[in-house]
Number of protein chains: 2
Amino acid sequence: MRRILLALFGGLLAASLVLQPGLSRTPENAGPQFTADGKLLRPEGYRRWVFVSSGFGMSYNANAGGNGAPAFTNVFVTPSAYDYFLANGKWPDKTMFVLEVYGSTSRGSINQHGSYQENFQGLDVEVKDESRFPDKWAYFGFSASQEASQAESPGKNDCWNCHDKNAAVEHSFVQFYPELLKLAKEKGTIKPTVHLEDKK
Amino acid sequence: MRRILLALFGGLLAASLVLQPGLSRTPENAGPQFTADGKLLRPEGYRRWVFVSSGFGMSYNANAGGNGAPAFTNVFVTPSAYDYFLANGKWPDKTMFVLEVYGSTSRGSINQHGSYQENFQGLDVEVKDESRFPDKWAYFGFSASQEASQAESPGKNDCWNCHDKNAAVEHSFVQFYPELLKLAKEKGTIKPTVHLEDKK
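Heads up: these notes are all about the structure in this document. These numbers were taken from a predicted model, which means no experiment stands behind them.

Considering the overall build of chain A
- If you tally the helices and strands in chain A, you get 4 helices and 7 strands.
- In chain A, the order of α-helices and β-strands from amino to carboxyl end is α-β-β-β-α-β-β-β-β-α-α.
- Looking at the 200 residues of chain A, the share that counts as buried comes to 36%.
- Taking the intrachain contacts of chain A between residues at least 6 apart in sequence as the baseline, contacts between residues at least 24 apart amount to 50%.

This is the structure in structure tokens:
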């Protein structure tokens, strides 16, 4: 019965995407959406969320990047969570971050130096859901494939541990997002245990 | 009299920003806003627009970037223009692009390689306004300073000529924005005179 419902839900989801190109599979205020067995639905609409910053060659994914063509990592957050952060310097329940990984290239069109984004490689998604996760934050990975629209819930893992120890505000690496870092300093919400300077 | 009105307008503008922190000086559907003498008002709310992509070390500004600490360039577009592009593969009147320049750093916090964004350096703004500009598109530069909230209208200039000749769709460098490039190919809106491949 559960399988039938999930299949039906998937079908409705696909139909709604066909009918509404460009619209989000996870509407702004719906928060993270899970399947009955705890998988996070891929947040397709994140490109209309708020961009906080991007990195180059500093992916959280050990398989991305490299000397030849480092990966860009674009970070987006749900708009309502962004507005809440501007007012409070911290993140509300149901906040979602998407870290989008793009391979890079240097030579194309009129570009003669530097790098730009070329091929989509996958997503890492960070969710704050206090009622679902005893440790508040959870981490999910998605491949580039449109078919792989779900990921298993990984529980408390290496992502969680690193974010818990090193992220400047709660579990978010605000130290790498200059606009938000400035605001967190003003609000006094940076974790006292975190070193913002180079650790070497 | 004009100066008095402008000063009054500036005062009201400043007051509204104080009263509404985080809100845009140029609301979503207002389009580009000009002073009586043709200067573009700085679009403060662009960080809630739609991010299209970022580059690293490929700034349009010859003074930004360099081997030591190349600049990131984050490109944002007005949300209604983005939605129009998804449907049509081209840009509506009143489209605005912001190219935001950030200096980079490699060493800080737990980062050991790659680069992230650190210090805001300025904005380049591209506007499509068919009733105001005979050549449809116009280009404006803004320094990093919050005081320099206006820029003189430059008319048809080097920016215009380069975008007119080399940009893939109208005056936008969609060849550097992979999500939009894919869509423009599907819609058949890439200028036939533009070479998307490396020109070397």
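From this point, things continue past the structure.
Some details on the relation of the copies chain A and chain B
- Of the transformation superimposing chain A on chain B, the axial component is 0.0 Å and the angular component is 180°, with the fit at an RMSD of 0.0 Å. On the angle and the small slide along the axis, the relation comes out as a two-fold axis. Relative to the rotation axis, the closest C-alpha in chain A is found at A:F51, a distance of 3.1 Å.
- Comparing interface residues between copies, 98% of those in chain A also sit at the interface in chain B, which points to an isologous, same-surface contact.

Remarks on the pairing of strand β3 (residues 72–77) of chain A
Residue and element names in this part refer to chain A.
- For β3, the buried fraction is high: 6 of the 6 residues fall into the buried class.
- Both faces of β3 are covered, namely the face carrying F72, N74 and F76 and the face carrying T73, V75 and V77.
- Pairing between β3 and strand β4 (residues 96–105): 6 bridges, direction antiparallel. Looking at β4, one finds that N74 is bridged to E100.

So, the interface of chain A and chain B
- Between chain A and chain B, the residue contacts involve 43 residues of the former and 42 residues of the latter.
- Sorting the residues of the side of chain A that touches chain B by element identifies β2 (50–56), β3, α2 (79–88), β5 (115–128) and α4 (178–187) of chain A as the ones contributing at least two each.
- A class-by-class count of the residues in the side of chain A that touches chain B yields 15 nonpolar, 18 polar and 10 charged.

Re the pairing of β5(A)
- Here 10 bridges tie β4(A) to β5(A), and the two strands are oriented antiparallel to one another. Within β5(A), the position partnered with A:G103 by the bridge is A:N119.
- Note that β5(A) and strand β2 (residues 50–56) of chain B share 2 bridges and pair antiparallel. If you follow A:Y116 over to β2(B), its bridge partner there is B:G55.

Some details on the nonpolar core
- Judged by nonpolar contacts, the single largest core of 87 residues is most densely connected at A:F76, A:V98, A:V125, B:F76, B:V98 and B:V125.
- In this structure A:F76 touches A:Y46, A:W49, A:V50, A:F51, A:V52, A:V98 and A:E100, once residues within four positions along its chain are discounted.

Regarding the environment of B:P134
- In this structure, B:P134 sits in the loop between β5 (115–128) and β6 (137–143).
- C-alpha separation for the pair B:P134 and B:E100, spaced 34 residues apart in sequence, amounts to 26 Å.

Definitions and limits used
- Residues numbered from 1 in each chain as written.
- Chains lettered and ligands numbered in written order.
- Predicted model: local features only at pLDDT ≥ 70, side-chain atom pairs only at ≥ 80, totals over all residues.
- Helix = DSSP H or I, 4+ residues; strand = E, 2+ residues; numbered from the N terminus.
- Buried ≥ 20, exposed ≤ 12 C-beta atoms within 10 Å, placed from the backbone.
- Contact = placed C-beta atoms within 7 Å.
- Least-squares fit on C-alpha atoms with pLDDT ≥ 70 in both.
- Pairing = 2+ DSSP bridges.
- Nonpolar A, V, L, I, M, F, W, Y, C, P; charged D, E, K, R; others polar.
- Core = buried A, V, L, I, M, F, W, Y, C linked by C-beta atoms within 7 Å.

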